[in-house]
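Fold and contact review
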Amino acid sequence: MIVLVPIVEGHGEMQALPALLHRLARKANPAQPIRVNAPIRVKAGSFLNDADYFRRQVALAAAKAAQAQGHVLILLDCEDDCPATRGPELLRRAQAVRAGVSMRVFLAYREYETWFIAAAASLRGQSGLPDDLVAPEDPERFRDAKGWLSERMPHSYDPIVHQLEFTRAFDLDQALRNDSFRRLHDQVHHLVAP
């Protein structure tokens with residue numbers, strides 16, 4: 001069994017990311033069982049900027065992963081940072097906390113919900129989204145993906161209410177047009193592939 005120990009920043013990701021990891025793992029290798037530990041939720045600002053806070057959270061995740069020869073998966077919204085720059089920097093910092101534990105860093109550019117926008121057509125009818133919803137040409141250009149979704153819903157998008165529902169429904173292949181989602185997809189595939 002492959003054990004994954006996530007670190008996330010949002011309340012919505014506490015339920016949504018485990019569901020997404022299970023979907024990705026089943027897609028890559030239905031025969032490979034995985035266990036996703038309850039995510040460790042961090043304050044993004046502190047996690048990124050307070051070295052002691054970062055060290056404590058990564059050490060906790062690494063200790064849990066080490067018990068089962070598992071993997072630490074760090075998922076944060078990248079906002080306006082460049083994932084290709086920020087991701088390797090965070091990975092180096094995390095690996096310096098605990099050597100010998102497999103670690104992966106995934107930065108959703110700009111936010112997790114950007115992946116939903118990339119696969120918008122597959123979310124038609126979900127929580128009042130229009131039946132003719134289409135994805136924009138460049139879903140990553142939207143700074144406020146939650147706002148983009150809210151504008152198309154009869155009520156505001158709420159990560160605690162909608163993130164898990166949308167995670168269970170969005171088309172994984174449609175979302176591959178988003179670079180940051182493709183990286184997560186490919187890394188999970190690599191971890192569980194036969």
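Within each chain, residue numbers correspond to sequence positions counted from 1 in written order. pLDDT decides what is reported in this predicted model: residues at 70 or higher carry local features, side-chain atom pairs at 80 or more are listed and counted, and totals for whole chains, interfaces and linings draw on all residues regardless. Hydrogens and water are ignored here; the side-chain numbers use all heavy atoms of the structure.

What to know about the nonpolar core
Each nonpolar core is a collection of buried residues, namely Ala, Val, Leu, Ile, Met, Phe, Trp, Tyr and Cys, held together in the definition by side-chain atoms within 4.5 Å. Exposure is judged per residue with a 1.4 Å probe applied to protein chains only, and the accessible area is read against the type maximum: over 50% gives exposed, under 20% gives buried, and values in between give partly exposed. Leu 20, Trp 115, Phe 170 and Phe 181 are the most contacted members of the largest nonpolar core, which totals 41 residues. Where helices and strands are cited, they refer to DSSP runs of H or I of at least four residues and of E of at least two residues respectively, numbered from the N terminus. The element contributing the most residues to this core is helix α1 (residues 13-28), with seven residues. Note on contacts: a residue pair qualifies if any of its non-hydrogen atoms lie within 4.5 Å across the two residues. Not counting residues within four places of it along the chain, the set of residues in contact with Leu 20 comprises Tyr 112, Trp 115, Thr 167, Phe 170, Leu 172, Phe 181 and Leu 184. In this structure, Val 5, Val 72, Met 103 and Leu 107 belong to the second largest nonpolar core, which totals 24 residues.

Some thoughts on unusual backbone geometry
Here the amide bond leading from Tyr 109 into Arg 110 is cis, since omega sits at -10°, within 30 degrees of zero. Relative to the assigned elements, Arg 110 resides in the loop between β5 (102-108) and α5 (113-118). In this structure, Gln 69 is a non-glycine residue whose phi angle is positive, near 50°. Locating Gln 69 in the fold gives a position in the loop between α3 (51-67) and β4 (71-77). Despite not being glycine, Ser 127 shows a phi value in the positive range, around 45°. Tracing the backbone through its elements, the reader meets Ser 127 in the loop between α5 and α6 (145-151).

Overview of the packing of aromatic side chains
Only Phe, Tyr and Trp rings are paired, with Trp represented by its six-membered ring, and only when their centres lie within 6.5 Å; those with planes under 30 degrees apart are stacked, over 60 edge-to-face, the remainder tilted. On inspection of all chains with the given rule, the structure shows eight aromatic pairs. Aromatic side chains Tyr 112 and Phe 116 sit 5.6 Å apart centroid to centroid with 75° between the ring planes, which places their arrangement in the edge-to-face category. Take Phe 116: its relative accessible area is 0%, and that puts it in the buried class. Ring centres of Phe 116 and Phe 170 lie 5.3 Å apart, and the angle between their planes is 70°; this geometry places the pair in the edge-to-face category. Placement of the pair is Phe 116 in helix α5 and Phe 170 in the loop between α7 (159-169) and α8 (172-175), with a sequence separation of 54 residues.

Thoughts on the pattern of salt bridges
When a carboxyl oxygen of Asp or Glu lies within 4 Å of a side-chain nitrogen of Lys or Arg, that pair is called a salt bridge. Counted by the stated rule, this structure contains eight salt bridges. As a salt-bridge pair, Arg 56 and Asp 52 come within 2.5 Å of each other at their nearest N and O atoms. Linking Arg 56 with Asp 52, this pair stays in helix α3, spanning four residues, or about one helical turn. Here Asp 52 falls in the partly exposed class, since its relative accessible area comes to 37%. A salt bridge links Arg 182 to Asp 179, with the nearest nitrogen and oxygen atoms 2.9 Å apart. Pair noted here: Arg 182 and Asp 179 are both in helix α9 (residues 179-192), with a separation of three residues, about one helical turn. Take Arg 182: its relative accessible area is 32%, and that puts it in the partly exposed class.

Quick notes on the pairing of strand β1 (residues 2-8)
Most of β1 sits out of view: seven of its seven residues are buried. Of the two faces of β1, the one holding Ile 2, Leu 4, Pro 6 and Val 8 and the one holding Val 3, Val 5 and Ile 7 are both buried throughout. In this region the chain leaves β1, passes through α1 and returns to the parallel neighbour strand β2 (residues 34-36); the handedness of that crossover is right-handed. Two strands pair if DSSP finds at least two bridges between them. In this sheet, β4 lies alongside β1 in parallel orientation, the contact comprising four bridges. Bridge pairing in β4 links Ile 7 to Ile 74. Pairing between β1 and strand β3 (residues 40-41): two bridges, direction parallel. Counted as the bridge partner of Val 8 is Arg 41 from β3. A crossover counts as right-handed when, viewed with the strands pointing away from the observer, the path leading from the first strand over the helix to the second turns clockwise.

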